[in-house]
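An overview of the molecular structure
Listed below, chain by chain, are the residues.
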Amino acid sequence: MSALQKNFLWAATTLFVMTVLMCSAAMGQTAVTINNGNGPKSRSIDIALNKATIIELPVAARDVLVSDPEIVDAVVRTSRRTYLLGRKVGQTNAFFFDESGNQILSLEIKVERDLAGLEAMYSRFIPDARIKIESINDNIVLGGLVPNTAAAEQAREIAARYVGNEEQVMSMLTVEGEEQVLLKVRVAEMQRTLAKQLGVDTQAAFSVGEVAFDIFTANPFSLVGQPLSAGRQIASFTPGGDQYDATIRALERTGLLRTLAEPNLTAISGESANFLAGGEFPVPASRDRDGNVIVVFKPFGVGLGFTPVVLGEGRISLKVSTEVSELSNEGAFTLQGGVFIDPTTGQLSQGTGITIPALSVRRAETTVELPSGGSIVMAGLLEESTRSNIDGVPGAKDLPVLGQLFRSRDYQNSETELVVIVTPYLVGGVNQEQLAKPTDGYATASDIETALIGRLNAVYGVDKKAPRTRTLQGPVGYILD
């Protein structure tokens, strides 16, 4: 290397080091000054990533050794001043020797991320939190206390964006507030149905001269599918050898359905919980290679699933899905049995068919935000359906008055009102003696009470001492905050 190249390289290195030192000074980095020869020869220092530290030596150094230059780079400015630059997160050491080869200084160096900026962000955006930040190699560990789960998630996201990689952030934050949420759901439904049928069937057998006539009308009820009741003959006329019969089928059916379900479920903030009170019914799905029917089971009943997130004092975000379903013959699927050869008789036989029931379902799924103890109507339905059919003999059914003898009327009306109300509560654990159970106070009746009075459970009067579990002292039911 020529003298001109050496001078150029020295000038570039000096300019680079001075720039780094100016940035370091602006960001609060201080120099490390080593005492005279009587001071310690071994020290530990921490250097922030991409920042520099100045080493001032008491005597002139001849050689400087850095075990891992990729972690720390040493730039010798003078014989007594050296610049150490943190280039990569990690640990290394450096040694300084004088002209005689004697060790002047041994440094144990740790290069870590500068977390001062992250701490400033937490003080600005999450002032109620007391977060402690520690660095492990190139990773960040968050500890301390936060007021709620939402603040913990915000702290983790800020740290992930600060580092640039979400996998390098480990959260060990502790939530101070209550994190258990009890969700009370009330599903209330009223359904009223009305069905009316009116039809007249006629039958006439008479002759005109030598020609005999036999007329018969049986008007179907195409809406309901079948008569609500069996027909009754109301008139029969037999003049001479002729016969005339009339059968009337008239009935009105009124139905009322009341559904009330109150599933309750408790879960920790941020975790999902599911609840089902009902059962499962089999549904044929396919066949295997041997021809065997593969059956899957479908659930039905009262179901509840939700994921709560406590956002702050008195604020709860809920992702709720609730369902009330029951088996129904309306819409059921019937599969007829096939024809097969009976191995015992060798004759063709009709296989037994199967009927797969349908489900009557009321389902709602949404995300809401409520305070603890507040209620909201999550879903509602107001429905009215009216259907009417007239079946009869063309032409004859349109005759005034007499047309009723040749037609039938089928009428259906359905009115439904459905409301789903949700109420979340922040709850905590209590002593089990403070909780009431549905079985409290129950006792089986004696044989004499069952045989003579027909009782299934014992009845306690004023003069009889009830079991201890029957007497409830103080508030009963759910313990809520």
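As the structure is a prediction and not an experimental result, all values here were calculated from the model.

Assigned secondary structure in the protein chain consists of four helices and 25 strands. Taken over 481 residues, the protein chain has a buried fraction of 31%. Residue pairs in contact within the protein chain that sit at least 24 positions apart in sequence constitute 64% of those at least 6 positions apart. Per element, the accessible surface of the protein chain, about 30600 Å² overall, is 53% carbon and sulfur.

Here the focus is the nonpolar core. In summary, soluble globular proteins display a tendency toward joint burial of nonpolar side chains. The biggest cluster of nonpolar side chains holds 24 residues, and the ones touching the most others in it are Leu183, Phe306, Leu318, Val320 and Val422. Among the secondary structure elements, those contributing two or more residues to this core are β13 (180-208), β17 (264-268), β19 (293-312), β20 (315-335), β23 (354-370) and β25 (407-427). In contact with Leu318, not counting residues within four places along its chain, are Val181, Leu183, Phe306, Thr307, Pro308, Thr366, Thr367, Val368 and Pro424. Judged by nonpolar contacts, the second largest core, of 19 residues, contains Leu118, Ala155, Ala159 and Val169.

Moving on, we come to the pairing of strand β8 (residues 103-112). Inspection of the sheet shows strand β2 (residues 42-48) paired to β8 by seven bridges, in the parallel sense. What sits directly across from Ile47, in β8, is Val111. As paired elements, strand β7 (residues 90-97) and β8 share eight bridges and run antiparallel to each other. Each residue of the ladder has a partner; that of Phe96, found in β8, is Leu105. Where β7 hands over to β8, the hairpin turn is made up of five residues, of which Gly101 adopts a positive phi near 90 degrees.

Across the sheet, four strands lie side by side as β2-β8-β7-β4; this open sheet has mixed pairing. Strands at the two margins of the open sheet, each flanked by one partner only, are β2 and β4 (63-66). Across the sheet, the mean angle from the axis of one strand to that of its neighbour is 20 degrees, orientation sign disregarded.

Glancing now at unusual backbone geometry. Positive phi is not limited to glycine here, since Asn50 has a value of about 65 degrees. With respect to the helices, strands and loops of the structure, Asn50 is situated in the loop between β2 and β3 (52-56). By relative accessible area, Asn50 is classed as exposed at 61%.

Together, Val293, Val295 and Phe297 line one region of the surface with nonpolar side chains, adding up to about 270 Å² of accessible area. Structurally, Val293 can be placed in strand β19.

Note on placement: Gly270 falls in the loop between β17 and β18 (273-287). Gly270 sits 36 residues away from Phe306 along the chain, and the two C-alpha atoms are 9.9 Å apart. When residues no more than four places from it in sequence are discounted, the contact partners of Gly270 are Thr307, Pro308 and Val309.

To continue, consider the pattern of salt bridges. A pair can form between side chains of opposite charge whenever their charged atoms are brought close. Overall, the coordinates contain nine salt bridges when judged by the stated rule. When the shortest N-O distance is used, the salt bridge between Lys110 and Glu112 registers 3.8 Å. Assessed through its relative accessible area of 31%, Lys110 is described here as partly exposed. Note that Glu326 and Arg362 form a salt bridge whose closest N and O atoms lie 3.8 Å from each other. Of the two residues, Glu326 sits in strand β20 while Arg362 sits in strand β23, which places them 36 residues apart along the sequence. For Glu326, a relative accessible area of 33% translates into the label partly exposed. In this structure, a network of salt bridges that share partners links the residues Glu153, Arg156 and Glu166.

Further remarks concern the packing of helix α2 (residues 116-125) against helix α3 (residues 149-163). In contact at an axis separation of 11 Å, α2 and α3 are set at 145 degrees when each is read in the N-to-C sense. Like other packed secondary-structure pairs, α2 and α3 cross with a definite hand, here right-handed. Judged by residue contacts, Gly117, Leu118, Met121, Tyr122 and Phe125 of α2 engage Ala155, Ile158, Ala159 and Tyr162 from α3. Residue composition of the contact of α2 with α3, grouped by class: eight nonpolar, one polar and no charged.

Mapped onto the fold, Thr82 is located in strand β6 (residues 81-86). Thr82 gets classed as buried once you look at its relative accessible area, which sits at 1%. Beyond its immediate sequence surroundings of up to four residues, Thr82 is in contact with Thr53, Ile54, Ile55, Val64, Ala74, Val75, Val76, Arg77 and Phe96.

Mapped onto the elements of the fold, Val422 is located in strand β25. Look past the residues within four positions of Val422 in its chain and what remains in contact with it is Leu183, Lys184, Val185, Val320, Val368, Leu370, Gly374, Ser375, Ile376 and Met378.

Turning our eyes to something else, we now look at the environment of Ser372. Its location among the elements puts Ser372 in the loop between β23 and β24 (376-392). For the pair Ser372 and Ile316, spaced 56 residues apart in sequence, the C-alpha separation works out to 6.9 Å. Only 3.1 Å separates the side chain of Ser372 from the backbone nitrogen of Leu426, close enough to count as a polar contact.

Take the confidence of the model for the protein chain next. Low pLDDT marks regions whose predicted coordinates should not be analysed in detail. Across the protein chain, pLDDT averages 76, with 75% of residues at or above 70. Low pLDDT, under 50, characterises residues 13-30; the stretch is placed with 19 contacts to residues that sit more than four places away or in other chains. Every residue in residues 462-472 is under pLDDT 50, and counting partners more than four places away or in other chains gives 10 contacts.

Rules and cut-offs
- Residues numbered from 1 in each chain as written.
- Predicted model: local features only at pLDDT ≥ 70, side-chain atom pairs only at ≥ 80, totals over all residues.
- Heavy atoms only, no water.
- Helix = DSSP H or I, 4+ residues; strand = E, 2+ residues; numbered from the N terminus.
- Buried < 20%, exposed > 50% of the residue type's maximum accessible area, 1.4 Å probe, protein only.
- Contact = heavy atoms within 4.5 Å.
- Areas by Shrake-Rupley, 256 points an atom, 1.4 Å probe, with all protein chains shown as cover.
- Core = buried A, V, L, I, M, F, W, Y, C linked by side-chain atoms within 4.5 Å.
- Pairing = 2+ DSSP bridges.
- Axes fitted to C-alpha atoms, helices over the stretch in contact; angles between N-to-C directions.
- Patch = residues over 30% accessible without salt bridge, like charges linked within 9 Å, V, L, I, M, F, W, Y side chains within 5 Å.
- Salt bridge = Lys/Arg side-chain N within 4 Å of Asp/Glu carboxyl O.
- Left-handed = near helix turned anticlockwise from the far one by under 90°.
- Nonpolar A, V, L, I, M, F, W, Y, C, P; charged D, E, K, R; others polar.
- Polar contact = N/O pair within 3.5 Å; in protein donor to acceptor, adjacent residues only side chain to side chain.
- pLDDT = per-residue confidence, 0-100.

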